[in-house]
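What follows is each chain in one-letter form.
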Amino acid sequence: MLPRLSHVLLAALALSRTILAEPSADDQLKAFFARERVAVKPVNFGRRSAATTPTRHLRPEAFEDEAALRKRDSLTPPDVGQVADWGGSNPQPVRNGAGDTFLANSNHQIDAQNPDNVAAPPTDSGTVPNLKWSLSLSHTRLLKGGWVREQTITDLPPSKDLAAAELRLSPNAYRELHWHRVAEWGYILNGTGRISAIDENGRSFISDVHGPTNGTDPDIYYFPPGVPHSIQALEDGLEILLIFTDGNFDATGTTFMLSDWLARTPLEVVAQNFGVNVSLLGGIPQKDPYVFDSTVAPPPFGHASEQAVKDPNGQVPSPYVFHLSDQERKSAPGGGGWVKIQDSVTNFPVSTLLASALVFVEPNGLRELHWHTSDEWLYIISGNARATAFAGSSSSRTFDFQPGDTAVFPVSYGHYVKNLSPTEPLIYLELFKAPKFVDFSATQWLALTPRQVVADLLNLSTSVIETFKTEKQVIVA
Ligand SMILES: *[C@@H]1O[C@H](CO)[C@@H](O)[C@H](O)[C@H]1NC(C)=O
Ligand SMILES: *[C@@H]1O[C@H](CO)[C@@H](O)[C@H](O)[C@H]1NC(C)=O
Ligand SMILES: *[C@@H]1O[C@H](CO)[C@@H](O)[C@H](O)[C@H]1NC(C)=O
Ligand SMILES: *[C@@H]1O[C@H](CO)[C@@H](O)[C@H](O)[C@H]1NC(C)=O
């Protein structure tokens, strides 16, 4: 295992009750440790100390004593909040003289993926609910022609705006014709497919979509609420991340399958409706298949037009597919990566209920401290990340992420997302139930506030504040 590691930490070698501070690959942290490393003793966590407060439900008034107002630099080093590292041993809930080892059982593999659950940085405080869900914990529904697994509000209750699913289709298999009460947004994780839909005026849409093949960024798509659609995998098979604009996505009345509807309607009505003899309808399915195999292979990728039905009403005026490969990667001013933002105001007009960003964070890079005006839902495509959600009221909680993890930062929660790897990029999606991508940058705010105001609040010299960047950094190197 690579040491976790550039930001490495203090190994709590639990059994011997010694705590080792590992040197960090980060130059600034190295200098800090060189300067500050001392015989390790219990850290005075100052106003952040849960030990000095009577309950876990911290209230701001609990801190209004002199000790509580001590600033951070009165804390005993060297704990500056890095990810705990147990040097390859099983994680133990021990940090800086607090906690104790597991005396019985724990799931060490889950602990190892979530070191900040086991031994959080001392800045974590208060009661913040779980904000993370791994799709590996979802029930996977196996179907003839693929599988699907979901994350809904029952899995991740704080995610009220958005729910998600991963859908896999075998080569040429279909996701059957259906529509939703909510909007659907899709990101092609791999493979190739063909989607078709019509709008309320009978204008049609057909398009091929692909994942990150041939070194390009993949396609995304958006179906407004009510727009009926279907998806077919092409010769490579298909895997899609689906997002729906209601956390309670499994509720009855959210998804409507065409074959289910017909199976639940008197057959003579179906026959009259379509103007055909009832004897022709004996074979229609009595139960909706959800996913099913094709009987005839479709024309290959790039040949969607061969399958299009001639539509006297024309095509939908605003495409449902957005080719990320046609969009320029916008380098972050902070030098730590790039982003591609899509929303209805800027470049994807049809996507009025969903704004999105594909974020690429260089090794060790940091998506800067920021917040949004809607819930942020995120999905880790690749890499390893760490994020702390600040909930206000002296409450914050740190989470660790691996590929396939989903998470939510409720509206206005302050947060950052850090790439923990010194070698691998972090790629993830930020999604919002909103017509426009909006974020506020902490650094930009402080840089554009009268300097003395910031200096007096943070007990920093104005010369330090002058170095803060007035432009959003987005991702810091
Ligand atoms: C897509 O699937 C192919 C075949 O399994 C695999 O080689 C490739 O790494 C996958 N690409 C991504 C981005 O997961
Ligand atoms: C990838 O490149 C191959 C070879 O040029 C081509 O046949 C295939 O259609 C491309 N795939 C996509 C999704 O563009
Ligand atoms: C429907 O088909 C059956 C069997 O082919 C036939 O006997 C019947 O007359 C047809 N009914 C109508 C209304 O065409
Ligand atoms: C401000 O910080 C300095 C060290 O940089 C410290 O000596 C001083 O006590 C702090 N002042 C307050 C009010 O915390």
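These numbers come from a predicted model, not from an experiment.

## Notes on the overall build of the protein chain
A count of helices and strands for the protein chain gives eight helices and 28 strands. Looking at the protein chain residue by residue over its 477 residues, the buried ones come to 38%. The long-range fraction of contacts in the protein chain, counting pairs at least 24 apart against all pairs at least 6 apart in sequence, stands at 75%.

## Comments concerning the nonpolar core
Taken as a class, soluble globular proteins show a tendency for nonpolar side chains to be buried jointly. In this structure, Tyr 222 and Tyr 428 are the most contacted members of the largest nonpolar core, which totals 89 residues. In terms of residue count, the dominant contributor to this core is strand S13 (residues 229-244) (eight residues).

## Some points on the sheet that holds strand S26 (residues 426-432)
Note on sheets: strands pair through backbone hydrogen bonds, and any given pair is parallel or antiparallel. The seven strands lie next to each other as S5-S24-S21-S26-S19-S18-S17, forming an open sheet whose pairing is antiparallel. At either end of the open sheet lies a strand with only one pairing partner, and these are strand S5 (132-134) and strand S17 (330-331). For strand S21 (residues 376-382) and strand S24 (residues 405-409), the ladder comprises four bridges, and the chain directions are antiparallel. What sits directly across from Tyr 379, in S24, is Thr 406.

## Brief notes about the confidence of the model for the protein chain
Looking at the protein chain, the pLDDT average stands at 87 and 84% of residues meet or exceed 70. When the criterion is pLDDT under 50, residues 1-25 qualifies, and its contacts beyond four places in sequence or with other chains add up to 64 contacts. Here residues 36-76 is modelled with pLDDT under 50, and outside its nearest four sequence neighbours on either side it reaches 46 contacts, counting other chains as well.

## Digging into helix H5 (residues 267-274)
Counting buried residues along H5, only zero of its eight residues qualify, which leaves the element largely exposed. Positive backbone phi, at 70 degrees, marks Gly 275, one or two positions downstream of H5.

## As for the pairing of S24
In terms of residue burial, S24 counts as a mostly covered element, since five of its five residues are buried. In S24, alternate side chains face the same way, and those of Asp 405, Ala 407 and Phe 409 on one face and Thr 406 and Val 408 on the other are all buried. Pairing of S5 with S24, which is carried by three bridges, proceeds in the antiparallel orientation. Considered in S24, the bridge of Trp 133 is made with Thr 406.

## Description of the UniProt feature "active site" (unreviewed entry) in the protein chain
Mapped onto this numbering, the UniProt entry annotates "active site" (unreviewed entry) at Glu 430. Mapped onto the elements, Glu 430 comes out in strand S26. With residues up to four places along the chain from it excluded, the contact list for Glu 430 reads Ser 356, Ala 357, Val 359, Glu 376 and Leu 378.

## Remarks on the environment of Asn 190
Turning to its location among the elements, Asn 190 is positioned in strand S10 (residues 184-198). Once you skip the residues sitting within four places of it in the chain, Asn 190 turns out to touch Gly 211 and Glu 239.

## As for helix H7 (residues 451-458)
Helical geometry note: an α-helix holds 3.6 residues per turn, so side chains three or four residues apart project in the same direction. Sparse coverage of H7 is indicated by the burial of zero of its eight residues. Downstream of H7 by one or two residues, Asn 459 has phi in the positive range, about 55 degrees.

## Quick look at the pairing of strand S22 (residues 385-392)
It is a general feature of regular strands that their side chains alternate between the two faces of the sheet. With seven of eight residues buried, S22 lies mostly within the body of the structure. Pairing between S22 and strand S23 (residues 395-401): seven bridges, direction antiparallel. Among the inter-strand pairings, Ala 387 is bridged to a residue of S23, identified as Phe 399. Hairpin geometry of S22 and S23 is characterised by an intervening segment of two residues between the two adjacent antiparallel strands and by a positive phi of about 50 degrees at Ser 393. By the bridge criterion, four bridges tie S22 to strand S25 (residues 414-419) in an arrangement that is antiparallel. The partner of Ala 389 across the bridge, within S25, is His 415.

## Looking at unusual backbone geometry
Backbone geometry at Asn 364 places phi at a positive 65 degrees, although glycine is not the residue there. For Asn 364, the location among the structural elements is in the loop between strand S19 (355-361) and strand S20 (366-371). Positive phi outside glycine occurs at Ser 412, with the angle close to 75 degrees. With respect to the secondary-structure elements, Ser 412 resides in the loop between S24 and S25.

What counts as what
Residue numbers here run from 1 along each chain, matching the order of that chain's written sequence. Each chain gets a letter, beginning with A, and each ligand a number, beginning with 1, in the order they are written. Residue-level local features of this predicted model are given only where pLDDT is at least 70; pairs of side-chain atoms are given and counted only at 80 or more, and the full residue set underlies all totals for whole chains, interfaces and linings. The helix and strand labels rest on DSSP assignments: H or I over at least four residues marks a helix, E over at least two residues marks a strand, and numbering proceeds from the N terminus. With C-beta atoms placed from the backbone, a residue is labelled by how many other C-beta atoms lie within 10 Å of its own: buried for 20 or more, exposed for 12 or fewer, partly exposed between the two. With C-beta atoms placed from the backbone, a contact is any residue pair whose C-beta atoms sit within 7 Å. The term nonpolar core refers to a set of buried Ala, Val, Leu, Ile, Met, Phe, Trp, Tyr and Cys residues connected through C-beta atoms within 7 Å. Paired strands, as defined in this entry, are two strands with at least two bridges between them according to DSSP. On a range of 0 to 100, pLDDT expresses the predictor's confidence in each residue. UniProt positions are given in the numbering used here, feature names are shortened, and annotations may be inferred rather than shown by experiment.

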